[in-house]
Amino acid sequence: MSTSQVAAGPPAVDDQPKATGHRPAVVGFLSKQYLLPILVLLTVAVGAARPSFWSGGNLENVLFQASFVGLAACGMTLLIAGGLLDLSVAGVIAVSSIAVATVLPYTTIGVAVLVALVVGAVLGALNGLLVTYLRIAPFIATLGTLYLFQGGAFIWTSGNVVPITSYFYRSMTTGTIGRLPISFLVFLLVAGLTYLLLNRSYFGRTLRAFGSNERAATLAGMPVNRTKVLVFVVAGVLFALAGVFMAGRLASAEGTMAQGFELDVIAAVVVGGTALRGGRGTVFGTIVGALLFAVLANALNLLGIASYWQYVVTGVVLVTAIAVGARRRSAAEVRGAG
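The rules behind these values
Within each chain, residues carry numbers counting from 1 in the order of the written sequence. Under the rules for a predicted model, residues below a pLDDT of 70 receive no local features and side-chain atom pairs below 80 are neither given nor counted, while totals for whole chains, interfaces and linings still include all residues. Note that the side-chain values use all heavy atoms of the structure and ignore hydrogens as well as water. Secondary structure follows DSSP: runs of H or I at least 4 residues long count as helices, runs of E at least 2 residues long count as strands, and numbering of each begins at the N terminus. Whether a residue is buried, partly exposed or exposed follows from its accessible area with a 1.4 Å probe, protein chains only, as a fraction of its type maximum: under 20%, in between, or over 50%, in that order. Here, two residues are considered to be in contact whenever any of their heavy atoms come within 4.5 Å of each other. All accessibility values rest on the Shrake-Rupley procedure with a 1.4 Å probe; residue burial counts only the protein chains present in the view. Of the two site types, the cavity is a set of points on a 1 Å grid over the protein atoms alone where a 1.4 Å probe fits but cannot get out, and the pocket is an open set with protein on both sides within 12 Å along at least five of seven lines, each lined by residues with an atom within 4 Å of a point. Grid points are joined across faces, edges and corners, and a volume is the space filled by probe spheres set on the points. Each residue is assigned to one of three groups, with Ala, Val, Leu, Ile, Met, Phe, Trp, Tyr, Cys and Pro labelled nonpolar, Asp, Glu, Lys and Arg labelled charged, and all others, Gly among them, labelled polar. To get an axis, fit a line to the C-alpha atoms, keeping to the stretch in contact for a helix; angles then go from 0 to 180 degrees between the N-to-C directions. Crossings are sorted by hand: turned counterclockwise from the far helix by less than a right angle, the near helix makes the crossing left-handed, and turned clockwise it makes it right-handed. pLDDT is a residue-level measure of predictor confidence that goes from 0 to 100. Any N or O atom pair separated by 3.5 Å or less is treated as a polar contact, with the protein-specific requirement of one donor-capable and one acceptor-capable atom, and with residues adjacent in sequence counted only for side-chain atom pairs. What is meant by a nonpolar core is a set of buried Ala, Val, Leu, Ile, Met, Phe, Trp, Tyr and Cys residues, joined one to another through side-chain atoms within 4.5 Å. Here a Phe, Tyr or Trp ring, Trp counted by its six-membered ring, pairs with any other such ring whose centre lies within 6.5 Å, and the pair is stacked when the planes are under 30 degrees apart, edge-to-face when over 60, and tilted otherwise. A ring is scored as having a charge over it whenever the NZ atom of a lysine or the CZ atom of an arginine sits within 6 Å of its centre and within 35 degrees of its normal. The salt bridge criterion pairs a side-chain nitrogen of Lys or Arg with a carboxyl oxygen of Asp or Glu, the two atoms within 4 Å.

**With respect to the overall build of the protein**
And step 1. Summing up its helical and strand segments, the protein has 15 helices and 4 strands in all.
And step 2. In the protein, which comprises 338 residues, the share counted as buried stands at 50%.
And step 3. Within the protein, counting contacts between residues at least 6 apart in sequence, those at least 24 apart form 77% of the total.
And step 4. For the protein, the exposed area adds up to about 15400 Å²; of that, 68% sits on carbon and sulfur atoms.

Written as structure tokens, this is what we have:
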């Protein structure tokens, strides 16, 4: 690979197809985002089986759940596109949410939210420094900080739940504009900014370049170490933002409030089409993935499926979607080679 090729980075995974004409464009888009028709079919099927699915309150609940996962998944999309991973999502959410709940009675809502985002940035920077300069594998480093952050959250609260009594904070984080939750609108805004950052900036170009080939990106003079730390910082801020809305929804914060949440986040990103091996990512796919899992969980609850079967169904959907995506990418690579 030449230096000029590395500097340009691998081609952006554009959510818009390159086919000419409206019909080929639509076909090309759906061939890339095959989860979108699945999501539509799932919602139609569930709505037919349980008409209550289409009630305003239930749809709002689905969008709330999708926004919590989606906000964190935007940060995870950036990380995975760079060949990185962060398992400390639940710890970052817990600490940042407890920070909000702790300072909220003594300051304004804006300052409390800012404190949470700063906490998320600091925790993300710690992850980035461990991975970048101590050369600890991301999986191991962030698994360790997951326990560290959650342990710190328990020590901070003495194992208690910290209530959030501010009416205005809860109104801001659980309110709606029309029928759309504010958190979901923020998620869509963040997703748009994430797309621009990943595909239309030098930061994103560097991220995708070392996600494809870190040695080549380093030899090309790209700021690999700085970008690694920064992407963990950005991800930490987005995890904290998810915690801000989650705490408002729960009206409280505690160390276990997001237990296992990192698996939902990673699943939404990977099912959406972002390759775990790095070098490419699709923000639109992340949006669809977050919505798919939110609709699936809601559907299983409406259908009265036992909790243990819900795990089975969710696992089958996850494995099937990843397998289909892998086969499609392999077929595309074969066609490209031919």
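**Brief notes about unusual backbone geometry**
And step 1. The backbone of Ser158 shows a phi angle near 55°, a positive value even though the residue is not glycine.
And step 2. Position of Ser158 relative to the elements: it lies in the loop between α7 (138-157) and β1 (162-163).
And step 3. By relative accessible area, which is 59% here, Ser158 ends up exposed.

**Here we look at the layout of surface pockets**
And step 1. The calculated volume of the largest pocket comes to roughly 950 Å³.
And step 2. Together, 30 residues line the largest pocket, and Gln65, Val69, Asp264, Phe293 and Ala297 are the ones closest to its centre.
And step 3. At the level of secondary structure, the elements contributing two or more residues to the lining of the largest pocket comprise α4 (56-81), α12 (224-250), α13 (261-272), α14 (283-302) and α15 (307-337).
And step 4. A total of 7 residues in the lining of the largest pocket trace back to one element, the largest contributor, which is α14.
And step 5. Here the lining of the largest pocket is composed, by residue class, of 18 nonpolar, 10 polar and 2 charged.

**A closer look at the packing of helix α8 (residues 167-174) against α12**
And step 1. For the pair α8 and α12, the least separation of the axes is 8 Å and the interaxial angle reads 115°. Of the two elements, α8 crosses α12, and the hand of that crossing is left-handed. Residue-level contacts link Tyr169, Arg170, Met172, Thr173 and Thr174 of α8 to Val244, Phe245, Ala247, Gly248 and Arg249 of α12.
And step 2. Partitioning the contact of α8 with α12 into residue classes produces 5 nonpolar, 3 polar and 2 charged.

**Details of the confidence of the model for the protein**
And step 1. Looking at the protein as a whole, the pLDDT averages 87, with 87% of positions reaching at least 70.
And step 2. For the protein, helix α1 (residues 3-8) is the element with the lowest average pLDDT, namely 44, and helix α6 (residues 109-132) is the one with the highest, namely 97.
And step 3. This stretch, residues 1-20, has a pLDDT under 50; its non-local contacts, to residues over four places away or in other chains, come to 40 contacts.

**Things to note about the side chain of Asn127**
And step 1. Within the element layout of this structure, Asn127 appears in helix α6.
And step 2. Classification of Asn127 by relative accessible area gives buried; the value is 0%.
And step 3. Here the side chain of Asn127 touches Ser88 through a polar contact of 2.9 Å, side chain to side chain.
And step 4. Excluding anything up to four places from it in sequence, Asn127 contacts Asp86, Ser88, Thr142, Thr145, Phe149 and Phe232.

**Re the nonpolar core**
And step 1. In this structure, Met76, Phe239 and Phe261 are the most contacted members of the largest nonpolar core, which totals 94 residues.
And step 2. A total of 15 residues in this core trace back to one element, the largest contributor, which is α4.
And step 3. Apart from the residues within four sequence positions on either side, Met76 is in contact with Leu85, Asp86, Val89, Phe239, Val265, Ile266 and Val269.

**Things to note about the packing of aromatic side chains**
And step 1. Taken as a whole, this structure holds 5 aromatic pairs when the rule is applied.
And step 2. With centroids separated by 5.1 Å and ring planes inclined at 80°, the aromatic side chains of Phe53 and Trp54 adopt a geometry described as edge-to-face.
And step 3. Look at Phe53 and you get buried, because its relative accessible area is 1%.
And step 4. Here the aromatic rings of Tyr308 and Trp309 are separated by 6.4 Å at their centres, their planes lie at 45°, and the arrangement is tilted.
And step 5. Taking relative accessible area as the criterion, Tyr308 reaches 56% and is therefore assigned exposed.
And step 6. The aromatic ring of Phe64 is capped on one face by Arg249, whose charged end is 4.0 Å from the ring centroid.

**Details of the packing of α6 against α12**
And step 1. Between α6 and α12, the shortest axis-to-axis distance is 7 Å and the interhelical angle comes to 145°. Viewed along their axes, α6 and α12 form a crossing whose handedness is right-handed. Each of Val113, Ala116, Leu117, Gly120, Ala121, Gly124, Ala125, Asn127, Gly128, Leu129, Val131 and Thr132 in α6 lies in contact with α12, whose residues at this interface are Asn225, Lys228, Val229, Phe232, Val233, Gly236, Val237, Ala240, Leu241 and Val244.
And step 2. Split by residue class, the contact of α6 with α12 holds 14 nonpolar, 7 polar and 1 charged.

**Side note on the pattern of salt bridges**
And step 1. Using the criterion set out here, one finds 2 salt bridges in the structure.
And step 2. Here Glu60 ties to Arg179 by a salt bridge, and the two come within 3.3 Å at their closest N and O atoms. Here Glu60, found in helix α4, pairs with Arg179, found in the loop between β2 (176-177) and β3 (180-181); they are 119 residues apart in sequence, far enough to count as distant.
And step 3. Classification of Arg179 by relative accessible area gives exposed; the value is 54%.
And step 4. Among the salt bridges present, the one from Lys228 reaches Glu214, with a minimum N-O distance of 3.0 Å. Linking Lys228 in helix α12 with Glu214 in helix α11 (residues 214-219), this pair joins segments that are 14 residues apart in sequence.
And step 5. By relative accessible area, Glu214 is classed as partly exposed at 30%.

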